[in-house]
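Take a look at the letters that make up each chain.
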Amino acid sequence: MKKCVVYPLILLLGGCASLAATGEKYTELGHYQVAAYYYGYHYLQNRDDEEAQKTLERSLDVAFRNLDADIAKAEEKKNFERALGLAIHKEHLIRESQRWNVGSWGTTGAAKSVSKLRKKAGDAALLQVDEAEAAGKRGIKKLELLRRALSLDPDNGELDKRYEQERQGLQENIVVGLNCTGVGHDYCQRFSAELVEKINAADRELIRLVPGSSEVKNARLIVDLRIKKHDSQWQPLQSGIASRPIPRQNKYKETLKNALGGVQNQIVSARYRLLRRTTKASVSAALRIVDLSGKADLYSGKTVENESREATYYEFEGDARAVNNDPVTSAYGTDQSPPPTPTQLLAIVTERAVNKLSKEILMALEKTTR
């Protein structure tokens, strides 16, 4: 039985069922590159099939001729980025043909074409940057043009310098200010640090949280916090007496019978008490990002996060047999482990608040910097 090998590209394109038939379908649709990959992986599974090899070679020939035609059209229309992408596809497909060990296509010409078109695309992108600069255009549009040009020529130090200069001119440098009346200084600092870490970890192009000593700052993030913690300690919930009949036994642990042969019972009892302990924590955080130039706030939002836990147990005096299967006490158990402390719960609600507010802040600032 022949095994079906799933290759990475085929996995993306739809599995490995009837590879040759799928290649035929893509050929009929005019998707010659995709068809060539299907025929290629079909051939890998049928190395001894001469017809599979010929079909693959014909498919590759058609794919390369169509790629060449599409590259020429893109160049004619001065769409050098599209031409570059097509040339890269062609080079990759040639490398695959070499791996399949079919045909005699070499990568030298394809590599030269990629290099030539990369330069043309880079020059065209740089020309757009220069034209925008000559027209006095600045801001996000110019930054996008610079980013595009830099992606085509990543080793261009001068272009990188121009990009960074433009980016810094648009960057929101936000200093953090704390207003934590009634909240411990340590917690206030910790909340602020977690928020800063979350926002900076997102690595947004035009958003930076900077220290108060920074020379450049154009916005202030004001953090206003309120927290509450509560621990009820163990409180009595209910008390009562549990009793139940159990067989009477002699000193040999033998069940005693009455004159009629029935089991003699005795009533055992115990006094019990149910206890409950509840812990709670909440954080109320209100944040504003004030534009230091006097414009409208860049962001304003707040959240209130709450968390609570509960633990219960019972204690008793008397015969344990009375409470072991009692419908009231059996629902509680005797485990006296307390619930998470308010401080532990505060860490949970803090993380939730930081996650929520950091996402809102990033979304709001991205809108203002577009």
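Only a predicted model underlies this, so the values are computations on that prediction, with no experimental measurement involved. (Residues numbered from 1 in each chain as written. Predicted model: local features only at pLDDT ≥ 70, side-chain atom pairs only at ≥ 80, totals over all residues. Heavy atoms only, no water.)

(A) Structural view of the overall build of the chain. Each helix and strand in the chain was counted, giving eleven helices and six strands. The C-alpha radius of gyration of the chain comes to 37 Å, more than 25% above the 21 Å expected for a compact globule of 370 residues. Counting only C-alpha atoms and orienting by the principal axes, one finds that the chain spans roughly 110 × 75 × 30 Å. For the chain, the residues scored as buried account for 36% of the 370 residues in total. By sequence separation, contacts in the chain at least 24 residues apart represent 72% of the contacts at least 6 residues apart. If the 57 positive side-chain charges of the chain are averaged to one point and the 49 negative ones to another, these points end up 5 Å apart. (Helix = DSSP H or I, 4+ residues; strand = E, 2+ residues; numbered from the N terminus. Rg over C-alpha atoms; globule rule 2.2 N^0.38 Å. Buried < 20%, exposed > 50% of the residue type's maximum accessible area, 1.4 Å probe, protein only. Contact = heavy atoms within 4.5 Å. Lys, Arg positive; Asp, Glu negative; His and termini not counted. Charge placed at Lys NZ, Arg CZ, Asp CG, Glu CD.)

(B) Geometry of the packing of aromatic side chains. This model, assessed by the stated rule, comprises seven aromatic pairs. Seen from their ring centres, Tyr26 and Tyr38 are 5.5 Å apart, and the 15° between their planes marks the pair as stacked. In this pair, Tyr26 is assigned in helix α2 (residues 19-29) and Tyr38 in helix α3 (residues 32-44), connecting sequence segments twelve residues apart. For Tyr26, a relative accessible area of 21% gives the class partly exposed. Their ring planes at 80° and their centres at 5.8 Å tell us that Tyr41 and Trp100 sit as a pair that is edge-to-face. Highlighted residues: Tyr41 in helix α3 and Trp100 in helix α5 (residues 80-100), separated in sequence by 59 residues. Across the pair, Trp100 and Tyr41 agree in class, each one buried. (Phe/Tyr/Trp six-rings, centres within 6.5 Å; stacked < 30°, edge-to-face > 60°.)

(C) Layout of the packing of α5 against helix α6 (residues 108-134). Two numbers describe how α5 lies on α6: the axes approach to 8 Å, and their chain directions differ by 160°. Our classification of the angle between α5 and α6 gives roughly antiparallel. Note that α5 runs across α6; the crossing there is left-handed. Every residue of α6 that contacts α5 at Phe80, Glu81, Ala83, Leu84, Ala87, Ile88, Glu91 and Ile94 is listed here: Ala110, Ala111, Ser113, Val114, Leu117, Arg118, Lys120, Ala121 and Ala124. Classifying every residue of the contact of α5 with α6 gives twelve nonpolar, one polar and four charged. (Axes fitted to C-alpha atoms, helices over the stretch in contact; angles between N-to-C directions. Parallel < 35°, antiparallel > 145°, perpendicular 65-115°, else oblique. Left-handed = near helix turned anticlockwise from the far one by under 90°. Nonpolar A, V, L, I, M, F, W, Y, C, P; charged D, E, K, R; others polar.)

(D) Quick peek at the environment of Tyr32. Along the polypeptide, Tyr32 turns up in helix α3. Taking the C-alpha atoms as reference points, Tyr32 and Ile289, separated by 257 residues in sequence, lie 54 Å from one another. Residue contacts for Tyr32: discarding those within four places in its chain leaves Thr27, Ser59, Val62, Ala63 and Asn66.

(E) Fine view of the nonpolar core. Counting 43 residues, the largest nonpolar core has Leu56, Leu60, Leu93 and Trp100 as its most contacted members. Only α3, α4 (50-76), α5, α6, α7 (140-152) and α8 (157-170) provide two or more residues apiece to this core. Leave out the neighbours within four places in its chain, and Leu60 touches Ala36, Leu93, Ser97, Trp100, Val102 and Trp105. Counting 31 residues, the second-largest nonpolar core is a separate cluster that includes Ile174, Cys180, Tyr187 and Ala219. (Core = buried A, V, L, I, M, F, W, Y, C linked by side-chain atoms within 4.5 Å.)

(F) Focus on α3. The terminal C-alpha atoms of α3, which comprises 13 residues, lie 18 Å apart, in line with the 18 Å expected from a rise of 1.5 Å per residue. Buried within α3 are the following residues: Ala35, Ala36, Tyr37, Tyr38, Tyr39, Gly40, Tyr41, Tyr43 and Leu44. (Expected span 1.5 Å × (residues − 1).)

(G) Quick look at the packing of α7 against α8. Across the interface, α7 lies against α8 with an axial gap of 10 Å and an inter-helix angle of 150°. Taken together, the axis directions place α7 and α8 in an arrangement best described as roughly antiparallel. Crossing hand, α7 versus α8: left-handed. Contacts between α7 and α8 pair Ile140, Lys142, Leu143, Leu146, Arg147, Ala149 and Leu150 from the former with Leu159, Asp160, Arg162, Tyr163, Glu166, Arg167 and Leu170 from the latter.

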